[in-house]
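# Commentary on secondary and tertiary structure
One-letter residues, chain by chain:
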Amino acid sequence: MAPVGGTAVQDYVALAEIELCGDLIIAASAADEERLSLESIDEVLRVAEEREGRKLTPGG
């Protein structure tokens, strides 16, 4: 239950995780195969983009 007084707090990490789960559900429902391959999952979760971002960041 939300506290009285409108002091809503947003958990941006949780919201991002929920969005990624939704993306996986959409991809799985649209897939022709029974299960998504690891490569397909990585593509949906934009793993390669994240890795590239770390390479471009100093100390990454």
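The written sequence of each chain sets the order in which its residues are numbered from 1. Since the coordinates come from a predicted model, pLDDT governs what is reported: local features require at least 70, and pairs of side-chain atoms require 80 or more to be given and counted, while whole-chain, interface and lining totals use all residues. Heavy atoms from the whole structure form the basis of all side-chain values; hydrogens and water molecules are not counted.

### Regarding the overall build of the protein
- The helix count covers DSSP runs of H or I at least four residues long, the strand count covers runs of E at least two residues long, and both are numbered beginning at the N terminus. When you go through the protein residue by residue, the secondary structure sums to 3 helices and 0 strands.
- Mapped from its N terminus to its C terminus, the protein presents α and β elements in the order α-α-α.
- For the protein, the accessible surface area stands at approximately 5500 Å², while carbon and sulfur atoms represent 58% of it. We get accessible surface area from the Shrake-Rupley algorithm with a probe of 1.4 Å; when it comes to residues, only the shown protein chains can shield them.

### Remarks on the environment of D11
- Locating D11 in the fold gives a position in the segment before α1 (12-30).
- Think of it in three bands: residues with accessible area under 20% of the maximum for their type are buried, residues over 50% are exposed, and the middle band is partly exposed, with areas taken using a 1.4 Å probe on protein chains only. Under the relative-accessibility criterion, D11 is labelled partly exposed at 47%.

### Points about unusual backbone geometry
- Positioned with a positive phi, R46 is a non-glycine residue whose angle comes to about 55°.
- Looking at the element boundaries, R46 is found in the loop between α2 (38-44) and α3 (47-56).

### Concerning the confidence of the model for the protein
- Across the chain, each position has a pLDDT score giving the predictor's confidence in that residue, from 0 to 100. In this model, the protein carries an average pLDDT of 84, and 80% of its residues clear a pLDDT of 70 or more.
- For the protein, α3 is the element with the lowest average pLDDT, namely 78, and α1 is the one with the highest, namely 94.

### Here we look at the pattern of salt bridges
- Here a salt bridge means any side-chain nitrogen of Lys or Arg lying within 4 Å of a carboxyl oxygen belonging to Asp or Glu. Throughout the structure, instances matching the rule amount to 1 salt bridge.
- For R46, the salt bridge is made with D23, and the minimal N-O distance between the two is 3.8 Å. Here R46, found in the loop between α2 and α3, pairs with D23, found in helix α1; they are 23 residues apart in sequence, far enough to count as distant.

### Regarding a nonpolar patch on the surface
- Like charges are joined within 9 Å and nonpolar side chains (Val, Leu, Ile, Met, Phe, Trp, Tyr) within 5 Å, but only among residues with over 30% relative accessible area and no salt bridge; these make up the patches. A cluster of nonpolar side chains, namely Y12, L15 and I18, defines an oily patch on the protein surface of about 360 Å² accessible area.
- Here I18 shows up in helix α1.

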